[in-house]
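# Observations on chain architecture
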Amino acid sequence: MIAAFAEAGHELWLAGGLVRDELRGVRREVPQNAEVPEDVDFATSALPDESERIGKKLGTTVTTIGQRFGTTGVLLDEGWAEITTFRGDSYTAGSRWPDVTLGSSIDEDLARRDFTVNAIARNTSTGELRDPFGGQEDIEQKLLRAPGDPRTRFAEDPLRILRGVRFVSQLGFSIEEETLAAMGESVELLGTLSQERVTAEIERLLGGKHPKAGLDALHEIGALRHVLPELATMPGCEQNRFHQFDVWGHTTATVEAIATDEESLTLRRWAALLHDLGKPAVRHVKQNGEWGFYRHEIVGAEMAEGLTERLRLGKREGALLALLVRRHMDRPDPDDGRLVRRFMRRLDGHWRDLLALKRADNASHAYNDDEYHDRLEAACERVEAEEAAMLRAESPLDGRELMALLDREPGPWIARIKERLSTLVLDGELAPGDKEEAARIARRMGGTTALLAESDERP
């Protein structure tokens, strides 16, 4: 591709994140036949139609969906390359989408970038490095600074505000004073962004190596009430003597502390962020004069359902996050196998995620609960290894068998009996496949269940 653009007489520059990370000494591998990371891009003097022609001449897939913004996608062995004509963007403040005008040089294009550390480009043919705004020095100082007037940059595209706090989390950089002030003055513009763009930036922030710093920056510029208003009452919400910080400080410390791997990172960081969502709403003064947060996990779970729906995280992820919030205060006795099994069953296979949350939650408490968590983890692992059938806790009799056994029509009574039989299996009082004993219990319950069903039908 590089050779094809050079042969056609067009400049082709690698810009943005790959150049920045190269200068930071960070090497990023691009997976075979996968999308290039979102902050990798090329800038060219070629017009979009010419970029499309060059791409097609290579005999590969070309997409023109982004040509409204001057961008052509070309599928290479390394993945998708986004090639954008030099830009001289003209934005309308408060508009979701830029009115793109084409620029004449790489310097004009770089002047429209979000931060100086991303306003650096390398010529793919000559190797020349172009850095008109001192981005290399800012990389050395680990500083995020807008090129030119920061207020203009954020008015052009308010998403840059969220990109800034996301880079705090991902790169561990701080925000230059004037740029930080301009972010705070521009937060009202965040309301013009689509929810999908906002949610994507929050998830990237949570996925960074320094999420606490990113979240604190989000709070510092006053953006919480615009993008996560459900969390806006956490800062300044004092807690009792068992905590070191207010609810916000405790929450961000929990997000930072939670153990993750590549597979669990997104779920666990969200769970840590939302686990005490209900505390400000239920805070009260107890008889001893201390703050109390009775039922905050129940209220928080309800709030989490609404928040995840608003953020469009997906029903399955939203339900799971609500479940982790609802159960984060559960404290079964590790020596009671029945209680441990109930604890695990309620979590639908996610007990490790909840235990990670409980450990992180404890990290900023004024007491150490590691010994309890170690015992609970060992108990859960033993149950998982030795009592898998019991943990599944399925009723030995299905609905059809119960109807035939009791000679009754379908109704809510089936669910009641099956739930009771499942609980007995879970508690170890009924063998998973013992249909004979299950039938005896079902017959005994039949009369009581009939009365309950009859009661349910009364007005």
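Anything mentioned here points back to the structure above.
As a starting point, this report considers the structure included with it. (Residues numbered from 1 in each chain as written. Predicted model: local features only at pLDDT ≥ 70, side-chain atom pairs only at ≥ 80, totals over all residues. Heavy atoms only, no water.)

## Let's talk about the pairing of strand β5 (residues 79-85)
Counting buried residues in β5 gives five out of seven residues, a clear majority hidden from the surface. Of the strand pairs in this sheet, strand β4 (residues 71-76) and β5 are connected by six bridges, and their pairing is antiparallel. What sits directly across from Thr71, in β5, is Thr84. The hairpin turn running from β4 into β5, its antiparallel successor, is two residues long. (Buried < 20%, exposed > 50% of the residue type's maximum accessible area, 1.4 Å probe, protein only. Helix = DSSP H or I, 4+ residues; strand = E, 2+ residues; numbered from the N terminus. Pairing = 2+ DSSP bridges.)

## As for the side chain of His373
Its place among the elements puts His373 in helix α19 (residues 370-386). Sequence-distant contacts of His373, that is, excluding residues within four places in its chain, are made with Leu355, Lys358, Arg359 and Asn362. (Contact = heavy atoms within 4.5 Å.)

## Quick notes on the packing of aromatic side chains
As enumerated under the stated definition, the model contains three aromatic pairs in all. Taking the centre distance of 6.1 Å and the plane angle of 85° together, the rings of Phe115 and Phe167 count as edge-to-face. In this pair, Phe115 sits in the loop between α4 (106-110) and β6 (121-123) while Phe167 sits in helix α7 (residues 159-171), placing the two residues 52 residues apart along the sequence. This pair shows no difference in class: Phe115 is buried, exactly as Phe167 is. (Phe/Tyr/Trp six-rings, centres within 6.5 Å; stacked < 30°, edge-to-face > 60°.)

## Considering the pattern of salt bridges
Within the structure shown, the criterion is met by 37 salt bridges. Between Arg87 and Asp109 there is a salt bridge, and its shortest N-O distance comes to 3.8 Å. Of this pair, Arg87 sits in the loop between β5 and α4 while Asp109 is found in helix α4, placing the two residues 22 residues apart along the sequence. Arg87 sits in the partly exposed class, given a relative accessible area of 22%. Its relative accessible area of 1% is what places Asp109 among the buried residues. Put simply, Arg375 and Asp335 hold a salt bridge, and the shortest N to O gap is 2.8 Å. Placement of Arg375 in helix α19 and of Asp335 in the loop between α16 (315-327) and α17 (337-346) is noted, with a sequence separation of 40 residues between them. By sharing partners, the salt bridges in this structure join Asp41, Arg87, Asp109 and Arg113 into a single network. (Salt bridge = Lys/Arg side-chain N within 4 Å of Asp/Glu carboxyl O.)

Distances and angles like these do not, on their own, reveal function.
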